[in-house]
Structures are given as C-alpha cells and as structure tokens.
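# Analysis of the macromolecular model
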Amino acid sequence: MIITPSTPGLLRAAARNNAEWCAAVSRSGRFRGALWCSPRRTPPLYPDAVTLAPQASAAEVLAGIDTSSPGCSVKDSFAALELAPAGFEVLFEAQWIHRPADAAAPAGSEDGRLEWGEAESPAELAAWEAAWDGEESTGLFHPGLLREGVVFLAGRDAGRITAGAVVSTGGGAVGVSNVFAHDDADAGAAWSAALGAAAAYWPDLPVVGYEHGPALATAARAGFTPLGPLRVWLHTA
C-alpha cells in the first residue's frame, strides 16, 4: 500500500535522502539529531553539512564542520539558517521537488533516440562521470557507490554516454540527482529514465530531489511539484 506523507514529512524525507547520498559520496560525516555533518572537507560540489529539520541551529552546524580551509559549504534544507555572520554567502537557492509514487509516467519525454542502461562496473562509472562533468573526471564517484540502493543511469548515443542521472534510496524516498544531458532535447528523456528506474526498483516510495533554474522547469514537465526552498551557503571569509 502506498502511503502519501504530508509536505513537512516529504521535506524531511528529501533532506534525509540527500544527506545520505552526500554521506555516501563523501565517505565521511555523521548523523546527529537535526544534522548531517563532516568534520573534514568533503569532495568538490558536495556540502560539509546538510540540515535534516528546520530546528537545526547555526551553532550546531558550525560546531560540526571545518571552516578553516577554502570551500566549506552548508545545505540549508529549510532555508532557515543565518550564516552570514559566520562568513558565509548564499551560493544559490533551489526548490525541493516531489513526485508521488503512484504518478503516471510523463507523456512524450522519451523519444527513443538514446539507449538507456546502468553503469555497473568501475570503468563504466568512470565513463559516466567523465560525461557528467565534461570529461574532467576527478574520481568523485568511487566504485563503492555501485551498490544496492544506488543506480547510475546512462543514456548512450551510438555507444557514447550523452545523458544520465543518479537514482538512490534513503530517508524513505527515492532521490533523483546529477541529471544531465549534452543535448537539451534529451533532458526530458533523462528525467523519464530516472522515473522509470524509481518505479521499477522502488514503486512504493515517493520520488524527491531539488533543482533550480531551467532544470526546475524540466522537472516540472516530468510531473514534479515544488515542496519548499533550500539554500546552499559557501564560506568565503
């Protein structure tokens, strides 16, 4: 039976799902109360802390992270923190998004041009990352991520990866992240492939994520609705 959580419950599930993904990529950090945080610097593009509930305080966040080295960042999942006095600036704002577990597949988003599959070996994962970050791979996605509960989807054009997404479970939800397409026309297909994987592996779980800018509009066309705002803060002092 599919149970539909409330919006506050979905927000918490989305934050927890994202924090578990960040923890898996970073291979560091700990969960404590209303916060996930890493006392040592996390990999590029991944936060040093993620708040899990709106009552998480700035003092709690700052006590759990290292602001002495460049690039420290915080995912303020409920847009509730004030970190400017501690030397942070807002890097960007975004919206958590949600799609019910029993929602119908989006119409017209998959044109069949790309061949979709999963990256299942370290070599395929490295190729996926190179496609995702413009062939400037840094080994961010380690082979330990190729486990149950994480799916790296690859859309291939003539054997070359040109689109993809990550689908991962955690927090009682399925998270969609790292969606990319070299051709804007394939963006809808990437979201459709991610939703297909979520429905195939975890049909009873709601699907969550976060986006901003044009990607938010693409997610909306795939049937996602906004849940609430988040902010990412970057330490610049």
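Heads up: the structure comes first, above all this text.
What comes next is a walk through the structure. (Residues numbered from 1 in each chain as written. Predicted model: local features only at pLDDT ≥ 70, side-chain atom pairs only at ≥ 80, totals over all residues. Heavy atoms only, no water.)

## Topic: the side chain of Asn 178
- Within the element layout of this structure, Asn 178 appears in strand β9 (residues 173–181).
- The class of Asn 178 is buried, set by a relative accessible area of 14%.
- In terms of polar contacts, Asn 178 uses its side chain to reach the side chain of Tyr 46, at 3.4 Å.
- Not counting the four nearest positions on each side in its chain, Asn 178 is found in contact with Trp 21, Tyr 46, Trp 128, Trp 132, Phe 141, Gly 164, Ala 165 and Val 166. (Helix = DSSP H or I, 4+ residues; strand = E, 2+ residues; numbered from the N terminus. Buried < 20%, exposed > 50% of the residue type's maximum accessible area, 1.4 Å probe, protein only. Polar contact = N/O pair within 3.5 Å; in protein donor to acceptor, adjacent residues only side chain to side chain. Contact = heavy atoms within 4.5 Å.)

## Observations regarding the nonpolar core
- Core analysis: the largest hydrophobic core is formed by 23 residues, its most contacted members being Trp 21, Val 25, Tyr 46, Trp 128, Phe 141, Leu 145 and Phe 152.
- Of all elements in the fold, only α1 (7–26), α3 (122–132), β7 (150–157) and β8 (160–170) reach the threshold of two or more residues within this core.
- If you tally residues by element for this core, the top one is α1, at six residues.
- When sequence neighbours within four positions are dropped, the list of residues in contact with Tyr 46 reads Trp 21, Cys 22, Val 25, Ser 26, Ser 73, Leu 140, Phe 141 and Asn 178.
- Counting residues in hydrophobic clusters, the runner-up holds 18 residues, among them Ile 97, Leu 153, Val 167 and Ala 197. (Core = buried A, V, L, I, M, F, W, Y, C linked by side-chain atoms within 4.5 Å.)

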